[in-house]
Number of protein chains: 2
Amino acid sequence: MALVHTILTLLCDHPASGYDISKQFEESVACYWKASQQQIYRELGKMEGKGWVAFELVPQAGKPDKKIYAITETGHQELLRWYQEPTEPTPIREDLLVKVLGGAYLPNPILIQELQRRRQTHLEQMLRYQEREAQYQSNPHPSLQDRYRYLTLRRGIRYEQDWIHWCDEVLVLLKQPDGGVQGYNALGG
Amino acid sequence: MALVHTILTLLCDHPASGYDISKQFEESVACYWKASQQQIYRELGKMEGKGWVAFELVPQAGKPDKKIYAITETGHQELLRWYQEPTEPTPIREDLLVKVLGGAYLPNPILIQELQRRRQTHLEQMLRYQEREAQYQSNPHPSLQDRYRYLTLRRGIRYEQDWIHWCDEVLVLLKQPDGGVQGYNALGG
DNA sequence: ACCATATACTCAACTTATTGAGTATGTCAA
DNA sequence: TTGACATACTCAATAAGTTGAGTATATGGT
């Protein structure tokens, strides 16, 4: 499971609390790894048990104590081991495609609406990513870490663009009265 | 969870055994929904409990009896209900991107090798999909179901192409001695 | 004063997915 | 004849992910 290894990779850059890591997931990792705060806290606990990370308690005024985690030597070893393992593509599970598969059994306007909504979602996500891209490109001397992070951002941008293009392709066919894909037969009424 | 609804959608076309459904997943659904045989059997059991499918036992010589499942009226209702629910994009979890993120901490040749391997994997998958595309296009009168299935295939083809393009983009940068992304510092040795 | 949002972490129940074994047999090729 | 692969299904353990609540306080806006 790569969640552990994603966390370890982030900790290579600098020590961080579970909360910090969760923030990093939201703002830059989300385009290729999604994890909830709960998951991150749970994994950090397990990783600490294995000696891959160690934490320092930082007392805070008013708030619960911070646990600042750092990667250990054992953690580095585990990470390097994992980096050298071959990686397989992640199996995909995409609800929208199931709806397209069932296109013959659902009202056409609903499918079109769904595709338009999705196109919009991906467009917005792409614009957010492109802002980050512009930010990166405005920095004349990005760090090595930033340069690699940028490559993952490129993946995110392409992914969103690709969805938009596919949605457009399908919408053209669905809206075509002839020759395209038509013929919804209402089920059970 | 869309596994149930994917199975229901497949059963709309014609009744099938768990084994048949599993085959269909492998040969045409895999590009957007991956499920193991065990999962399919388990879900069919639960779906039967809810009255969404019903099976007929077909005795076989030598082999275990086949359970031929068909979608029920209740199943159709459930499917239509689900079709009308809005769909959110699936969160992505992609190991390879985690490795790219950690590019500064892993030996460059390993990362390059992984990317080349992945490019190859996606190329092969794309070629398989394109065969199916050619097959579809050679049929002058595809069924409505086939036409929708083709739209999902288009998603698969685009997805693979997009991966190939990204791999190429990244490989160019990684192989560039200057100006690109270099500078692996060996960890712990 | 009140509400939303942010910080920072914990616990528990639940669903979903993975892995591996087990039961039984038929076909095809080396 | 041995082994690989296909048919056809079941059971069980574990891993991973989701959902929701709970503890505590600070800040900023209406």
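Look up: the structure comes first, before these words.
Our subject in this report is the structure included herewith. Keep in mind that what you see is a predicted model, and the values were worked out from it rather than measured. (Residues numbered from 1 in each chain as written. Chains lettered and ligands numbered in written order. Predicted model: local features only at pLDDT ≥ 70, side-chain atom pairs only at ≥ 80, totals over all residues. Heavy atoms only, no water.)

Turning our attention to the pattern of salt bridges. Two side chains of opposite charge can pair, provided their charged atoms sit close to one another. In the structure shown here, the tally under the stated rule is 30 salt bridges over all chains. For A:Glu94, the salt bridge is made with A:Arg118, and the minimal N-O distance between the two is 2.8 Å. A residue pair is termed long-range when its members are at least 10 positions apart, and A:Glu94 in the loop between helix H4 (73–84) and helix H5 (95–101) and A:Arg118 in helix H6 (residues 108–137) qualify at 24 residues. For A:Glu94, a relative accessible area of 3% gives the class buried. Across the pair B:Arg158 and A:Glu169 runs a salt bridge whose closest N-O atoms are separated by 2.9 Å. Taken as a pair, B:Arg158 in helix H7 (residues 144–175) and A:Glu169 in helix H7 (residues 144–175) lie in two separate chains rather than in one. Connected through salt bridges with shared partners, the residues A:Glu133, A:Arg154, A:Arg155, A:Arg158, B:Asp162 and B:Glu169 form a single ionic network. (Salt bridge = Lys/Arg side-chain N within 4 Å of Asp/Glu carboxyl O. Helix = DSSP H or I, 4+ residues; strand = E, 2+ residues; numbered from the N terminus. Buried < 20%, exposed > 50% of the residue type's maximum accessible area, 1.4 Å probe, protein only.)

Looking now at helix H6 (residues 108–137) of chain B. Over its 30 residues, H6(B) runs 43 Å from end to end, which matches the ideal 44 Å to within 8%, given 1.5 Å per residue. Among the residues of H6(B), those classed as buried are B:Asn108, B:Ile110, B:Leu111, B:Ile112, B:Glu114, B:Leu115, B:Arg118, B:His122, B:Met126, B:Tyr129, B:Glu133 and B:Tyr136. Those residues of H6(B) that are buried are in contact with H4 and H7 of chain A together with helix H5 (95–101) and H7 of chain B. (Expected span 1.5 Å × (residues − 1). Contact = heavy atoms within 4.5 Å.)

So, about the protein's contact with DNA strand D. Near DNA strand D lie 20 residues; those nearest to it are A:Gln39, B:Tyr19, B:Gln60, B:Lys66 and B:Lys67. Each atom of DNA strand D within 4 Å of the protein was assigned to sugar, phosphate or base; sugar and phosphate come to 69%. Here B:Tyr19 contributes a side-chain N or O atom positioned 2.3 Å from a phosphate oxygen of DNA strand D. B:Tyr41 has a polar side-chain atom sitting 3.3 Å from a phosphate oxygen of DNA strand D. (Near = heavy atom within 4 Å. Polar contact = N/O pair within 3.5 Å; in protein donor to acceptor, adjacent residues only side chain to side chain.)

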